[in-house]
Amino acid sequence: MHVTTGRLVLGAVALAAVAGLVGGLVGAGLRSEPDAAPSPTAGCDVTEVSSRVLPSLVTIHVRGAGGDGTGSGSVLDRRGNILTNDHVVAAAASGGTVTVDFARGRTQVPATIVGRDPATDLAVVRAQPGDGALTPITVGDSAALVVGQPVVAAGSPLGLTGTVTAGVVSALNRYIDVGQGQQPASLINAVQTDAAINPGNSGGPLTDCAGHQVGVNAAGAQVPGGGGGSIGLNFAIPITFAYSVAGQLIENGRATHPVIGVIAVTVTDEMATATGLPRGALVEQVLPRLGAAAAGLQSGDVITRIGDTVVTSVDQMLVAIRGHDPGQTVPVTYVRGGVERTGTAAVTAA
């Protein structure tokens, strides 16, 4: 799959890729020359962050008909629930096996898949080390993140367990398409960071300088035709959203998501020029008995705003809708026949 920045690589790694790897060292406490520019993570004690996060970090090994692989995860609670990415465990979903290595504890602990949500690339597995030595990670507030804030990523890139990398929040509210083949999947309101996220980091925690998890490491971009490795364009699922999905998976084994009931396509600049339509989400189908239908939307309408959010693409429409909870209502601005209209659509779960 591709994004405009280059090739997007999901952070799970095939076991075969580990062979012959020459690992890198993560430096700490490097001395600056007198007039050197300050580090972007100045003021963030990565050593202290590591000591808080590593006891909650796990490496996940998967074997199944879809292949073998390695990813990462974080311990959510003392029941042994572990948050990770769906693409980390997908290969074991049909009769495969999952085992977990605790960064500070037992290894090769059998695990079961509690629930998967392929649409958001999130999953929960459960493992009990048997000695009660479970250290849940502290969950932070991803809504409080700001651009430029130092962050630390932890995981097992290319199978190198207990690795940390440091960087900053490069951007917020990215929409990243991580679907593979016929399986749609997207990172909603993703956190962009230059903290290195490589294959094997997927599912591991992105934390703030207090060691609180603020994201789930998911993917990194690569230059088209280039080699592997992080180029500083990496993405994590915000923990506020991920924790909500994880709660549903733990409770019900599945997750539902807010919708208003439209199927739409993006009106690109080229389409707008050729047709005279405004930029937005062109409604192809309105699903019966859902919010958009009750609000009066019709096929051919172009949605240009959801609530206070301007919509110039289907991606932005989805992000805006998913910012509301089922049961709420949201104003929908749309254009029909050149005339701007507004309706109020109920948000439901699907």
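Anyway, here's the lowdown on the structure attached to this text. Being a predicted model, the structure only gives us computed values, none of them experimental.

1. Structural notes on the side chain of Asn234
Looking at the element boundaries, Asn234 is found in strand E14 (residues 234–238). Within the structure, the side chain of Asn234 is placed 3.0 Å from the backbone oxygen of Ala195, a separation counted as a polar contact. In this view, Asn234 contacts Val191, Gln192, Thr193, Asp194, Ala195, Ala196, Ile197, Ala219, Gly220 and Ala221; residues no more than four positions away in its chain are not counted.

2. Quick word on the environment of Val314
When you line up the elements, Val314 lands in helix H6 (residues 314–321). Exposure remark for Val314: the relative accessible area of 14% places this residue in the buried category. Note: C-alpha distance between Val314 and Thr266 (48 residues apart in sequence) is 5.2 Å. Among all residues touching Val314, those that are not within four sequence positions of it are Ala264, Val265, Thr266 and Ala281.

3. Some details on unusual backbone geometry
Excluding glycine, most residues fall at negative phi; most peptide bonds, likewise, are trans. Located in the positive-phi region is Gln108, a residue other than glycine, with phi close to 55°. Take Gln108: it is sitting in the loop between strand E6 (97–102) and strand E7 (109–117). Residue Asn173 is not a glycine yet carries a positive backbone phi of 60°. Position of Asn173 among the secondary structure elements: in strand E10 (residues 163–177). For Asn173, a relative accessible area of 56% gives the class exposed.

4. Quick look at helix H3 (residues 239–252)
For the α-helix, the turn length of 3.6 residues means that residues three or four positions removed from each other point alike. Its 14 residues place the ends of H3 19 Å apart at the C-alpha level, agreeing with the 20 Å of an ideal helix rising 1.5 Å per residue. All of the buried residues along H3 are Ile239, Phe241, Ala242, Val245, Ala246 and Leu249. Buried residues along H3 cover an arc of 155° about the axis, so they all sit on one side. H3 presents Glu251 and Asn252 as exposed residues on the side facing more than 90 degrees away from its buried surface. Just past H3, the residue Gly253 takes up positive phi, approximately 80°.

5. So, the state of the cysteines
Linking two cysteines covalently via their sulfur atoms produces the bond known as a disulfide. Under the counting rule described, the total for this entry stands at one disulfide. Here Cys44 is linked by a disulfide to Cys209, with a sulfur-sulfur distance of 2.2 Å. Across the S-S bond linking Cys44 and Cys209, the dihedral sits near -120°, which makes this disulfide left-handed. One end of the pair, Cys44, is in the loop between strand E2 (6–10) and helix H1 (46–53); the other, Cys209, is in the loop between strand E12 (205–207) and strand E13 (213–222), with 165 residues separating them in the sequence. Among the residues examined, Cys44 registers a relative accessible area of 9% and is labelled buried. Residue Cys209 is classed as partly exposed on the basis of its relative accessible area of 30%.

Each value, and the rule that gives it
Residues numbered from 1 in each chain as written. Predicted model: local features only at pLDDT ≥ 70, side-chain atom pairs only at ≥ 80, totals over all residues. Heavy atoms only, no water. Helix = DSSP H or I, 4+ residues; strand = E, 2+ residues; numbered from the N terminus. Polar contact = N/O pair within 3.5 Å; in protein donor to acceptor, adjacent residues only side chain to side chain. Contact = heavy atoms within 4.5 Å. Buried < 20%, exposed > 50% of the residue type's maximum accessible area, 1.4 Å probe, protein only. Expected span 1.5 Å × (residues − 1). Arc of directions from axis to C-beta. Disulfide = S-S within 2.5 Å.

Coordinates in, geometry out; function isn't part of it.
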